[in-house]
Protein chains: 2
Amino acid sequence: MRIGQLARSVGVDTQTVRFYEREGLLPPPDRQDNGYRVYTERHVERLAFIRRCRILELSLAEIHELQRYQTAPHQPCRAINTLLDDHITHVRSRITDLQVLEKQLVSLRASCNDDREIEACGVLDGLSEGNMQQ
Amino acid sequence: MRIGQLARSVGVDTQTVRFYEREGLLPPPDRQDNGYRVYTERHVERLAFIRRCRILELSLAEIHELQRYQTAPHQPCRAINTLLDDHITHVRSRITDLQVLEKQLVSLRASCNDDREIEACGVLDGLSEGNMQQ
DNA sequence: TAAAACCATATAGTCACTATAAGGTCAATA
DNA sequence: TATTGACCTTATAGTGACTATATGGTTTTA
Ligand SMILES: [Zn+2]
Ligand SMILES: [Zn+2]
Ligand SMILES: [Zn+2]
Ligand SMILES: [Zn+2]
């Protein structure tokens, strides 16, 4: 299987596949005589694993860490669960931050209606004066 | 006032101040004979405006747009309000995305307890098999 | 045979900074 | 007076995870 078929089968760009290879997330495949990369079913699985991790917004570093765990199948899995817990914590704290942000933005937006002049715009005024909480 | 004092008074790094100048968000100040930048109170206000916008996670492009509006004080302010509405929409859709993500992550995490071998880790298994919704 | 589709590498751009390097200026201290 | 330390200058590279572009070779199809 060549790079285009691999990429299509998992739903990424061919550039991304080469990028993952450079980053050490995908093992370098064999090459044809003309230099074309040739992939196996194991590459498909490996790339699909990366893709599922990325959909969950795990970083490439976290994915790398997971891959290292996979090479030691008889170690306890606590580190993996901890990695996921940490990631969940990050996601939750980002949600909280954005919810605070949303409140501030909505409150700022409420300080203006349309049909004013820019000079009198409540939004611009709120951004210019330092009446911001936090 | 020199760059260090300006930066401290608004709570950014001096590098960031120079960066904003290069990006056209902060007007180039006068220079002393030795080349040092000299800022006025108007620069403080301008930088504080940028900072408040950044806290609300407006992009530098959006801040630039707001600054352009400020130079035409007698235009209607609808564009400003629209800019903010769009930004709120982005923030909300990001919150929604992250909430979906959090659910998926929590469900994945629930498929494992500690004290298993990596081979049997429910988390790793969930990432390896394609049992993901969406 | 020629166009379309595919493959290769190398390099630069995205965003909003942040870090590093290498050096010039100024006031206070040993 | 010499030197330390805090400040300032510019230029360049790094961050993360791609994405875009340039340039050229190869394979498949019409
Ligand atoms: Zn994470
Ligand atoms: Zn308005
Ligand atoms: Zn925005
Ligand atoms: Zn586990």
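Residues numbered from 1 in each chain as written. Chains lettered and ligands numbered in written order. Predicted model: local features only at pLDDT ≥ 70, side-chain atom pairs only at ≥ 80, totals over all residues. Heavy atoms only, no water.

Undergrad: Kindly report on the interface of chain A and chain B, identifying the contributing residues and their values.
TA: In this complex, chain A contributes 51 residues to the contact, which on the side of chain B involves 51 residues. For the pairing of chain A and chain B, the buried interface totals around 5100 Å² over both sides, and the portion due to carbon and sulfur atoms is 68%. Between chain A and chain B we count 8 salt bridges in total. Where Asp85(B) meets Arg109(A), a salt bridge forms, and the shortest distance between an N and an O atom there is 2.8 Å. Those elements that provide at least two residues to the side of chain A that touches chain B are helix 3 (41–55), helix 4 (60–70), helix 5 (78–109) and helix 6 (122–128) of chain A. Take the side of chain A that touches chain B: its biggest share by element is 20 residues, from helix 5 of chain A. Of the residues assigned to the side of chain A that touches chain B, the class counts are 27 nonpolar, 10 polar and 14 charged. (Contact = heavy atoms within 4.5 Å. Buried area = accessible area lost by both parts, 1.4 Å probe. Salt bridge = Lys/Arg side-chain N within 4 Å of Asp/Glu carboxyl O. Helix = DSSP H or I, 4+ residues; strand = E, 2+ residues; numbered from the N terminus. Nonpolar A, V, L, I, M, F, W, Y, C, P; charged D, E, K, R; others polar.)

Undergrad: Tell me what's going on with the protein's contact with DNA strand C, and back it up with residues and numbers.
TA: In the vicinity of DNA strand C, 17 residues are found, and the nearest of them are Arg37(A), Gln15(B), Tyr20(B), Tyr36(B) and Arg54(B). Among all atoms of DNA strand C positioned within 4 Å of the protein, those belonging to sugar or phosphate total 76%. The backbone of Arg37(A) places a nitrogen or oxygen atom 2.8 Å from a phosphate oxygen of DNA strand C. Separating a base nitrogen of DNA strand C from a side-chain N or O atom of Gln15(B) is a distance of 2.7 Å. Of all the secondary-structure elements, those providing two or more residues to the surface near DNA strand C are helix 1 (3–10) of chain A together with helix 2 (14–22) of chain B. When grouped by side-chain class, the residues that make up the surface near DNA strand C number 6 nonpolar, 6 polar and 5 charged. (Near = heavy atom within 4 Å. Polar contact = N/O pair within 3.5 Å; in protein donor to acceptor, adjacent residues only side chain to side chain.)

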